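Each chain, written out:
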Amino acid sequence: MTGTGSDRSPRARLRALRPESFGADPTGARLARIRRSPNFADGIFQNPEPARRGPSGSSVEFAKIYFDKEGRTRRAPTGTIPVHPTTVADLARPPATGLRLTWMGHSGVLAEIDGHRVLFDPVWGERCSPFPFAGPKRLHPVPLPLAALGPVDVVVISHDHYDHLDLPTIKELATTDTVFAVPLGVGAHLERWGVAASRLRELDWNESTEIGELTLTATPARHFCGRGLRNRQMTLWASWAVTGPAHRIFHSGDTGYFSGFKDIGAAHGPFDATMIQIGAYSEFWTDIHMTPAEGMRAHLDLQGGGPGGVMLPIHWGTFNLAPHPWAEPGEGTVEAAEGAAQRIALPIPGQPFEPGAERLPDAPWWRAVARVPAGGWGGSGLTDGHGTPEGAAEANAEPVAGPSSGEPGESSGRGAPEAARTP
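Given the structure is predicted, the values throughout are model-derived calculations rather than measurements.

Glancing now at the overall build of the chain. Across its full length, the chain holds eleven helices and 15 strands. Per-residue burial over the chain gives 58% buried out of 423 residues. By sequence separation, contacts in the chain at least 24 residues apart represent 70% of the contacts at least 6 residues apart. Just so you have it, the chain exposes about 16,900 Å², and 53% of that area is on carbon and sulfur atoms.

Spelled out as structure tokens, the structure:
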């Protein structure tokens, strides 16, 4: 005689105890497809160029930076971050130029392109963490309730890290009839959270799907993946190119700089607008996140080598995820844009703008709520691009910034950030 639970295997019992926020591992036909992918080898997905996935260098030095008191104060705003009160009226008017972007904070962007609405990496949760009581907490409120966005044609996910794939957000979107475009393997998480398989478009790099008149292509990125205790690297990460009848846009997701941006630009660009990751970089993980200077270089590569379109800096300002001062990504992007004669948009979270408009939001709004760097705004107070102050190494000075719990070692809620532990 067997009881209702005694016939379950140890593996099945462990799966039942797995927190919902960890998602699900690919199985069956999905797993078979992963194993056939040209980007999957030696049991894991591979980067387009070699990249160290975890923190490099001494964990002792990392901890020194993390617990540096002055650095910790610089990693947060000094006041309330301004947020544009996005209204239904803002979004009800069709964009005059046919393309409008609304940065919702971090990497979340609503793109209204050629009559379609695309929502990239939506994170409406209070923390980017597997647990609601621990982990990096948002520094500003969401600009508007998720339901107030109105109908969305497609939700695009770049990868499965907590600051890009948010459980409460996905579960709310699962109650709508939107389609989800995700990298290969990520669909397992969404199906566990209530998204029907029929609403998934799960793509390998360089595969495309059609949504209305849009073509969405998963393009390569240089990053990594993982949500649970065992980071098995069984889900892919991607950047995305979206092509409509009249406009083209690009979302970088998370990525280190690599030469493949030129190939993406040649195949799918040039772009009317790019959304480029320029925050959460560090000298401890140079391969998998870009500095503002590298982000600008990527934008130029995507545009064929020179300035063109509009660059929107993303992946900064909303969560404290890296050693650099909170305002540094914004300042670095302004500096890089001036050096490249490139147009950039600097909206506050929730502020809609049209890349084709004559005037873009261009005020450095963060200066009103950030500590002034040592060299002043626009001066020499920026770091070397990876979280170390310029000249600090030569002067053997104490670092002015320290790591917070975030990518690539997002806080698991178990004490010290994963990135602070030896990989």
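Those residues of helix α8 (residues 260-268) lying buried are G260, F261, I264, G265 and H268. Viewed end-on, α8 has its buried residues packed into an arc of 145°, placing them on one side of the element. In α8, the exposed residues that point more than 90 degrees away from the buried face are D263, A266 and A267. For α8, the elements touching its buried residues are β10 (214-219), β11 (239-243), β12 (248-251) and α9 (292-302).

Structurally, the position occupied by H159 is in the loop between β6 (154-156) and α6 (167-173). Exposure remark for H159: the relative accessible area of 1% places this residue in the buried category. Separated by 2.9 Å, the side chains of H159 and S158 make a polar contact.

With that settled, consider the environment of T86. Within the secondary structure layout, T86 lies in the loop between α4 (69-74) and α5 (88-92). Residue T86 is classed as buried on the basis of its relative accessible area of 7%. Between the C-alpha atom of T86 and that of M104, which follows or precedes it by 18 residues, the distance is 9.4 Å. When neighbours within four sequence positions are excluded, T86 is seen to be in contact with L91, T102, P143, L144 and G350.

What follows is about the packing of aromatic side chains. According to the stated counting rule, one finds 14 aromatic pairs in the structure shown. On the basis of an interplanar angle of 80° and a centroid distance of 5.2 Å, the ring pair of F40 and F45 is categorised as edge-to-face. The burial state of F40 is the same as that of F45; both residues are buried. Here F258 and F261 contribute two aromatic rings whose centre-to-centre distance is 4.8 Å and whose plane-to-plane angle is 50°, an arrangement assigned as tilted.

L101, F120, L216, W240, I249 and L312 are the most contacted members of the largest nonpolar core, which totals 70 residues. Among the nonpolar cores identified, the runner-up in size contains 23 residues, and L91, L165, L190 and V195 belong to it.

Judged by pairing direction, the sheet is mixed, and its six strands sit side by side in the order β9-β10-β11-β12-β13-β14 without closing on themselves. The outermost strands of the open sheet, each flanked by one partner alone, are β9 (208-211) and β14 (310-314). With direction set aside, neighbouring strand axes in the sheet form an average angle of 20°. Relative to β14, strand β13 (residues 273-277) runs parallel, the two sharing five bridges. Note that in β14 the partner of M275 across the bridge is L312. Set on the sheet, α9 makes contact with β12, β13 and β14; between it and β13 the angle comes to about 150°.

Overall, the prediction assigns the chain a mean pLDDT of 86, with 84% of residues at 70 or greater. Here residues 1-7 scores under 50 on pLDDT; set against residues more than four positions off or in separate chains, the count is one contact. Counted against residues more than four places away or in other chains, residues 383-423, with its pLDDT under 50, gives 107 contacts.

Further remarks concern the pairing of β9. Side chains of β9 alternate between two faces, with T209 and I211 buried and S208 and E210 left unburied. With antiparallel pairing between neighbouring strands as the criterion, β9 and β10 make up a hairpin whose turn holds two residues, including G212 at a positive phi of roughly 60°.

Taken in spatial order, the seven strands make up an open sheet running β8-β7-β6-β5-β4-β3-β15, and their pairing is mixed. With one partner strand each, in any of the chains shown, β8 (200-203) and β15 (352-353) form the two edges of the open sheet. Relative to β15, strand β3 (residues 99-105) runs antiparallel, the two sharing two bridges. Bridged to T102 within β15 is P352.

Calculation rules
Residues numbered from 1 in each chain as written. Predicted model: local features only at pLDDT ≥ 70, side-chain atom pairs only at ≥ 80, totals over all residues. Heavy atoms only, no water. Helix = DSSP H or I, 4+ residues; strand = E, 2+ residues; numbered from the N terminus. Buried < 20%, exposed > 50% of the residue type's maximum accessible area, 1.4 Å probe, protein only. Contact = heavy atoms within 4.5 Å. Areas by Shrake-Rupley, 256 points an atom, 1.4 Å probe, with all protein chains shown as cover. Arc of directions from axis to C-beta. Polar contact = N/O pair within 3.5 Å; in protein donor to acceptor, adjacent residues only side chain to side chain. Phe/Tyr/Trp six-rings, centres within 6.5 Å; stacked < 30°, edge-to-face > 60°. Core = buried A, V, L, I, M, F, W, Y, C linked by side-chain atoms within 4.5 Å. Pairing = 2+ DSSP bridges. Axes fitted to C-alpha atoms, helices over the stretch in contact; angles between N-to-C directions. pLDDT = per-residue confidence, 0-100.

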